[in-house]
Each structure stands twice: as structure tokens, then as C-alpha cells.
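Structural characterization, general
The lines below spell out each chain.
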Amino acid sequence: MADATLTDVPEAAKPSSAALFSRPTGRGPRDNAAVIRWVLLFLGGIVMVMPIAYMISTSLKWPHEVYNVNLIPDEPTIENYTYVLEDGRFYWWFVNSLIIATLTTISNLFFDSLVGYTLCKFRFPGRTLVFIAILSTLMIPTEMLVIPWYLMSQSLGWLDSYWGIMFPGMMTAFGVFLMKQFFESVPDDFIEAARIDGLNEFQIWWTVALPLVKPALAALAIFVFLGNWTAFLWPLIVTNSVELYTLPVGLSSFGDEADVAWELIMTGAAISTIPTLIVFLVFQRFIIRGVVMAGLKG
């Protein structure tokens, strides 16, 4: 059989010369939408990175260059870092913030998850009322709670102490709400099976329920640590000793003593971001793993 040639194909089926040599013009709607998304993400990233870049830039400037808006210093220097790190007070402030933020985070992970589990998996009269009462505290501004907190600290002898700084944040309504919502996704069959196996309620919470809500624990740890690491108002009110200052309070007073030396304040702020980055890098993988597993289950 002779090979078929183009002349054997009907005229209607032959591609026209215009179709053979034409190229697609323009982008499809999906391509245009993707470009717009990437442009918006790029612009958003620049907006979020600029304050950090300016902070690092200012920390590398001499005092006479501070008000120069250029991101690249004319004469970069690390003298500001040397000065801040050689100041013994900065170490105390750093350690105080690290201790307070770490202990408060551990306390929130324990108590918030325990209360959230109780409100989710136990049936008792008034459960909904208790949950609503806890959520209602989210509507109270922190400034309105400062006076009751201060009077409580004074009556308990906690003024100018670690306990006085930590106790208002050792358990949060947001953490209880977050953990309760995540415990809703834990099947009741798992809980019942653990009870049949003879585990008590604390063991069920610790060995069965908690491992299934690791993404929530990781997110709560990040939120609580960052909130306590950057807290300023309450530590400023409850502390009098310079040795008990946290980093935000210490840096503000340090700036006053140095005649508002912004290059030193920015240097201290740049150093203080290191623990927050470490916490985020440690816990973000749990959040990403939880999102991926949720997608696979869905």
C-alpha cells in the first residue's frame, strides 16, 4: 500500500497555512491572574520586609547617619553591636524576656489545651455558658485589666517579680478557643477506645488527643511566645528594678539614657528578633505538616 500523502487528505481536513504558521497571541485568563497574584505577593513581601531592612540598616549606621533614609549606610559599622553586647544590662533584659516568654508559652500549651479538651469532649451542665464566658473576655481591652492585675499582684506580693510579669498571660481565652476548635476534629471513637483500654482521662488527653492537634499547639506556641516577647505595657507597670526589665522595656529606657540613640535601639531590636525567628523555624514544620495531612484526609 502506498504511503498516504498530504494530497490524499480531504481539503476540509487540511490545515491552512495560517494555522500552521500562526502563534498564540496574548495570555489566557489563568495566566493573567497568576501574574497579578505574583505581582501582589511581591509587593506585599517588599512592604513587610522594608521595616526589617531599615532596622538592620540603621543598626549599622553612625549616629550622624541615622536620619539618612538610605538603606545602604555610607560608612557601615558594627560598633553599635559591640556597644550593646558589652552592656551588661542587655544580657539581663534578654534573659528575662527569654525566661518569661518560655515559661508563659509552656503554661499556655498545658492549661489552654487541657481546658479546651475538657470543654470539647466532656458533657456537663453549663459547659456552653463557661465557654461563652471565656470568649467574652476577649472583648475586654488589656488597658482595662491593668488596674485589677496590679491590685492582685500587690496583694499577693508579686510586684517587681517574674510571677508578677507572667501571671496575666499564663492562660489565655484565645488559646482555649483555638484548642477547643482543634479538638473537635479528634474522633470520639478514639477517646472511647482509650477509655475501654483502661486509660484515665488525663492519660487520654496526653497520649491520644494531644498528638493529634500538634499543628494547633505549634501555632499557639508561636503566638504566645511572640506576644510575651514583645509585651511592653504590663512589664513596664509591674517592674521597678532595671534588672527585671524585659527587652522592650529595657530598650526604651536605654534609648532615653542614650539621648534617643536610635542606632542603639535598632541594634538591640535586631538582636532581639533572633529568638522569634528560631521559634518560628522550629514550630512551622508542625503547622505545615498538619496542613498537608488535613489536605490528604480531606
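Structural notes, computed from the coordinates. The structure displayed is predicted, hence computed values, not measured ones.

Below, the discussion takes up the overall build of the chain. Scanning the chain for helices and strands turns up 14 helices and zero strands. Secondary structure elements of the chain, listed N to C terminal, follow the sequence α-α-α-α-α-α-α-α-α-α-α-α-α-α. Scored against the burial criterion, the 298 residues of the chain give a buried share of 34%. The contacts of the chain with a sequence gap of at least 6 include a subset with a gap of at least 24, amounting to 69%.

This part covers the environment of Asn68. Assignment of secondary structure puts Asn68 in the loop between α2 (29–59) and α3 (79–86). With near-sequence residues (within four places) excluded, Asn68 lies in contact with Tyr54, Lys61 and Asp74.

Axes are the key here: two packed helices are described by the angle between their axes and the distance separating the axes. Running from amino to carboxyl end, helix α4 (residues 88–121) crosses helix α11 (residues 214–229) at an angle of 145°, the nearest separation of the two axes being 8 Å. Two packed elements cross with a definite hand, and for α4 against α11 that hand is right-handed. Between α4 and α11, the residues in contact are Phe94, Ser97, Leu98, Ala101, Thr102, Thr104, Thr105, Asn108, Leu109, Asp112 and Ser113 and Leu217, Leu220, Ala221, Val224, Phe225, Asn228 and Trp229, respectively. Here the residues of the contact of α4 with α11 sort into 10 nonpolar, seven polar and one charged.

We now examine unusual backbone geometry. Of note, the phi angle at Asp160 is positive, near 60°, even though the residue is not glycine. Note that Asp160 resides in the loop between α6 (142–156) and α7 (162–166).

Under the counting rule described, the total for this entry stands at five salt bridges. For the salt bridge of Glu184 with Lys180, the shortest nitrogen-to-oxygen distance reads 3.0 Å. On the basis of relative accessible area, Lys180 is assigned to the buried category, the value being 11%.

Definitions and limits used
Residues numbered from 1 in each chain as written. Predicted model: local features only at pLDDT ≥ 70, side-chain atom pairs only at ≥ 80, totals over all residues. Heavy atoms only, no water. Helix = DSSP H or I, 4+ residues; strand = E, 2+ residues; numbered from the N terminus. Buried < 20%, exposed > 50% of the residue type's maximum accessible area, 1.4 Å probe, protein only. Contact = heavy atoms within 4.5 Å. Axes fitted to C-alpha atoms, helices over the stretch in contact; angles between N-to-C directions. Left-handed = near helix turned anticlockwise from the far one by under 90°. Nonpolar A, V, L, I, M, F, W, Y, C, P; charged D, E, K, R; others polar. Salt bridge = Lys/Arg side-chain N within 4 Å of Asp/Glu carboxyl O.

On their own, these measurements won't tell you what the molecule is for.
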